[in-house]
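Chain residues, written in single-letter form:
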Amino acid sequence: MNKYWILLVVGFLCACNQTPVSVLEQYSRTFIYPDYEKVTIPRNIAPLSFIINTTESDIKTILHTENYSISIKEKDISISLRKWKKLVMSGDTIWVDVFAKKNGDWTQLRSFPIFISEDEIDPYITYRLIAPGYEVWNSMGIYQRCLSSYEETPICENKSMTHYCINCHTTNHGNPEEFIFHQRPGGSILVKDGILKKLNTHYNEKVQSLVYPSWHPSGNYIAFSVNKTVQSVHSKNTNRIEVWDLWSDIVIVDVRTNELITIPTLMSEKSFETFPTFSPDGKKLYFCTARSVTLPDSITEVKYDICSISLDLDNKMYSKQVDTIIRASSNNYSTSFPRISPNGRYLLYTQHEYGNFSIWHKEADLKMYDLEEKRAIDVSILNSPETESYHTWSSNGKWIIFSSRRDDGLYTRLYLAHVNSEGIMAKPFLLPQKNSTYSIIQDKSYNIPEFVTGKIKNYNVEIEKLLKKSTKP
Amino acid sequence: MLFTVAMLQFRYQYHIFFLEQLQLFIFTKEYAMQLLSTPGGLVEYIGEYLIQFFKINYVGNILIVILLTITGVCIRKLIEDKNKSCFIFECMIVFFLFVNFLDINFYLKGIIGYLFCLIALLIYYRIQTKLFKIRLLIVLLSGLFLFWIAAPFQTLFFVVVCAIELKRHGLNKGKSLFPLFIITICGFLVYIFAGEGAFRIYINIDGVCSLRIIPGWTKYAAWILLPVAILFNPLLEQTFKLIRKSLIKTIIQILLLGGIVIYLLPKYDDNWSLPFKQLHYYATHEKWDDILGYCKEHPLNNNYNCLNYQNLALAEKGILADSLLCYTQKGKYGLYAPWDRIVPTAFVLQKVCYHYGDIAFAQKYAFEGNVNSVTMGFPETLKMLVKTNLLQGQKNVAAKYIYYLQQTFSYKKWADKQYLYLSDTLTMRNDPEYKGKERFKEKENHFTYSNELYILAGLDKKDKKLRDFVLCSLLLDKDLPGFLNWFDFYNKDTSFQNIPDLYYQALMACAPSVPDVLTRYSVPENIKNDFEMYSMVYSSGRNSAEKQKWLHSQYKDSYWYYFHFTKIEHE
């Protein structure tokens, strides 16, 4: 008790800022955290902040190109936007030389490059921030982040209004003028041509809540999945949670007329269909499908393949033939999130042992398939022993962003990677933050990251009014 | 002041301790920047900073009394006229602030912001001799400053300034209403351009309350009374002038205030939650005897969370089955409350699950409870997350939570100890907090459900804690066939010895419908005799009330009495 009183007085008088014991040792085995060694970055990315993971006390870091250099005498590297811009514009490669003072002399500890790509990256990304939890949620929001700075602004947050869940946000191929997200309770909110409206998605008893949207490039149609989703908790599996669909189908909504388009192939009773995605030309719909089994007993037998059908939505024509693109089930795997590159050539997807909710599968990895040459492309550089899951292509097809839990196995972080014209991936890098240890401290997961070609206007007030109207009894 | 300290210490000390449990104040630059970079951030920061010390006995009481006293003094300085005999307004405002403090959905920043507002008003009060233009400029600047450091108190500030202007300068060709006009316009603009949510947080008093809860009228009382006090205190003083003796004036005011306190305080002090707060305090400090002592003295009602703590205390002391019915019981939910997704239930269930070795659900409830926090989490749920993640080998995740706790005043020491376990599992296993908890790893992985403890019990016959949980749960639920099945399951195991009287009584209760119970199990003669006597008395009663009356004195702790006379939820 006496000890408490002394500490209290000291606390009041000194307002002592306790120096945190570093958890970096637990988080990172690499020389720097985040690991930006030998990554490829776009010129217009925000400054990379990182911390030198060493026990040496006297450190000097020089970041230089042929024409410009910055010297920092701290372990925690944080560069101003002005200096960073000068640095990235001054060459093709940034060399990072790290020195430690030993016996009065500066000794080089490490030297590594950061490559700069000429390929531009979309200026913004959107994502949801949510605790990586079970069924209960609290504060969450959909945010947009400027990639050339650290600015993060809310598109829609639930903290200021009565309690609701927001999810499944996506733009029409990065177009900031057209996007959709789902609110629960309430429904889907569509923004198109500057107008907000609530999509009436209560079509029948089965089709009420539409998720996993994918825009048709014309902007007139959105494919959705209709799912009955169940969650359970593992008693001792490191995957912690298992989520599965008791049933799922795919539907398409004509957003002009709110007409629901159903295609029998996508609504089979004998199989689960989910994760629809349109091809860039809108002539094909890719999706994941698995034979339906008794759940949860046979959960490990649920193996999703990636298939496609051809369609002409304007003329209401759909092919009956289903092409199997990735037959993961024959290799005892399952797939999710098929995403086609903007040039239509590459199919990027997530592969895991079974089921469809890959974020809770540590073995989930990204895979890529060349649709033209009909061969798999090695993207193992993107993967880690932890989960890699949701991914999106940039509008020019030169960058991807994806979710990864490689830092600690639970909190999802965003990684960006460059793709060259042959489909070769560069080493991914963590979304830069102002503070190098931000990702360690951040207590929310990043969910559904997507590129956006411009800043999404602030519709907060209109969204709030619409949501309020839609949740009135 | 002393009276308030005494009252706080006597009646509300566990509420004060509980407030500390509902937040996590992180002592880092980043957290400070996060709070201070938003309007109202400073008062929120100060509030959270102070609450972290509420863990220490008396500190919370003293701090609150100091805050309220300073508030009262400031109000007095603001409203006093020549005659200083009237003190009713400041006392009422302080009283309502105190009532608000007793509500966990009203944040401490609501009192600190009020104080900041009063200080700004006092400064403004001193410049009444200046020209109106200068006064207005100072009002605008002060309002802006208050908005940044103490939103939404700039609203109160503008309203009270208007009252001061009216009092000191009259209508003044309408100029005295300018502050009210300004804040109304601002509020309107915020509502239109930033939305209702922003209006609630930054303009309305809702900003100092939990946004999930619509504030009751007591939240508005202090805000309404202040301008009323400014305007009407002179009138009150005039009225009081009619009474010559100041002693009588004082007595009248004390009686009036006393009446208000006596009438309103029991209605609005959240007293229904005080038992839970007290039990929670004991549980977090593992004072199981204190829990049982409290429950004996104050038999619990239907609050399942409190019953869970009571029964957890019995289980921790290893006397669940032996002493189950010596305490109030209300069905199986008294052992394991139904999950209703609220924080108090999370606090309780995480402990219950951890005690019984259901690490997955302990983690689930801890996580889901923690998610509800408006700060970085709750200390108890974060500690549970550290423990469960360490047990599951999720060291990186555990490290994150350990980091949060290391930045706190009260939990750094505990967190430092856990940090060592990241690299030293052997020592961790010998820590009493972890001893025996790794047994879940020996069992096969499966999906957990709400009856997980039953599943775990079925997988491990020798686990006495789980055995008692299952059997007691079935008995409390009056599921005799279920009890008989499980009893039979355990009876085959040689480790099932020293069978408590409760189980024998239950067997006797099964006997009339399953006669071979008496031959299958050797029930002691004294239990048989007791049952015979009980049955005789029971059958001779004319009605239920009479039976209960006759049986109460001798058999109130027996299972038969519970079976016949305790109503449980689904009956």
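Conventions we followed
- Within each chain, residues carry numbers counting from 1 in the order of the written sequence.
- Chain labels run from A onward and ligand labels from 1 onward, assigned in the order the entries are written.
- A pLDDT threshold of at least 70 governs which residues receive local features in this predicted model, and a stricter bar of 80 or more applies before side-chain atom pairs are shown or counted, although totals over entire chains, interfaces and linings include all residues.
- As a rule here, side-chain values cover all heavy atoms of the structure and leave hydrogens and water aside.
- A run of H or I in DSSP counts as a helix once it spans at least four residues, and a run of E counts as a strand once it spans at least two, with each numbered from the N terminus.
- For the purposes of these results, a polar contact is taken to be a pair of N or O atoms within 3.5 Å, where, inside protein, one atom must be able to donate a hydrogen and its partner to accept one; residues adjacent in sequence count only when each atom of the pair is a side-chain atom.
- Contacts are residue-level and defined by heavy atoms, with any inter-residue pair within 4.5 Å sufficient.
- Pairing between strands requires that DSSP locate at least two bridges from one strand to the other.
- The axes used here are C-alpha line fits, helices contributing only the stretch in contact, and every angle between their N-to-C directions lies in the interval 0 to 180 degrees.
- Buried area is understood as the total, over both parts, of accessible area removed when two parts are fitted together, assessed with a 1.4 Å probe.
- Salt bridge, as applied in this entry: a Lys or Arg side-chain nitrogen positioned within 4 Å of an Asp or Glu carboxyl oxygen.
- The domain limits used here are those given by an automatic or database domain assignment.

### Quick notes on the side chain of B:Ser558
All names here are of chain B.
Right, on to step 1. Structurally, Ser558 is set in the loop between α29 (544-555) and α30 (559-565).
Right, on to step 2. Only 3.2 Å separates the side chain of Ser558 from the backbone nitrogen of Tyr561, close enough to count as a polar contact.
Right, on to step 3. Not counting residues within four places of it along the chain, the set of residues in contact with Ser558 comprises Leu325, Gln505 and Tyr534.

### Remarks on the sheet that holds strand β2 (residues 40-42) of chain A
Residue and element names in this part refer to chain A.
Right, on to step 1. A sheet is described by the order of its strands in space; here five strands give the open sequence β2-β8-β7-β4-β5, paired in mixed fashion. A strand with exactly one partner marks an edge of an open sheet, and here the two such strands are β2 and β5 (69-72). Averaged over neighbouring strand pairs, the angle between their axes works out to 25° when direction is ignored.
Right, on to step 2. As judged from the four bridges shared by strand β4 (residues 59-64) and β5, these two strands associate in the antiparallel manner. What sits directly across from Leu63, in β5, is Ile70.
Right, on to step 3. Along the sheet, helix α3 (residues 81-89) contacts β2, β4, β5, β7 (93-102) and β8 (105-117); its crossing angle with β7, the most-contacted strand, is approximately 120°.

### Remarks on the interface of chain A and chain B
Right, on to step 1. Listed as interface residues are 59 residues of chain A and, on the opposing side, 64 residues of chain B.
Right, on to step 2. In this assembly, chain A packs against chain B so that about 5,400 Å² is buried in total across both faces, 57% of it on carbon and sulfur atoms.
Right, on to step 3. Our count for the chain A to chain B interface comes out at zero salt bridges.
Right, on to step 4. The interface formed by chain A and chain B includes 17 residue pairs in polar contact (both at pLDDT 80 or more).

### Concerning the domain arrangement of chain A
Residue and element names in this part refer to chain A.
Right, on to step 1. Parsing chain A into structural domains produces domain 1 (3-117) and domain 2 (124-470).
Right, on to step 2. Listed by partner, the interface residues are 25 residues for domain 1 and 24 residues for domain 2.
Right, on to step 3. Of all residues in domain 1, the largest losses of buried area upon contact with domain 2 belong to Tyr27, Tyr33 and Thr40, amounting jointly to 28% of the total for that side.
Right, on to step 4. At the junction of domain 1 and domain 2, the tally comes to one salt bridge.

### Regarding the sheet that holds strand β3 (residues 50-52) of chain A
Residue and element names in this part refer to chain A.
Right, on to step 1. Strand order across the open sheet formed by three strands is β1-β3-β6, with antiparallel pairing between neighbours. Looking at the sheet topology across the chains shown, the edges are occupied by β1 (32-33) and β6 (76-77).
Right, on to step 2. Inspection of the sheet shows β1 paired to β3 by two bridges, in the antiparallel sense. Looking at the pairing, Ile32 lines up with Ile52 of β3.

### With respect to unusual backbone geometry
Residue and element names in this part refer to chain A.
Right, on to step 1. Between Tyr33 and Pro34 the backbone carries a cis peptide bond, its omega angle lying at -5°.
Right, on to step 2. With an omega of 10°, the peptide bond running from Leu295 to Pro296 counts as cis.
Right, on to step 3. By secondary structure assignment, the location of Pro296 is in the loop between β21 (284-291) and β22 (305-312).
Right, on to step 4. The backbone of Lys38 sits at a positive phi, close to 60°, despite the residue not being glycine.
Right, on to step 5. Note on placement: Lys38 falls in the loop between β1 and β2.

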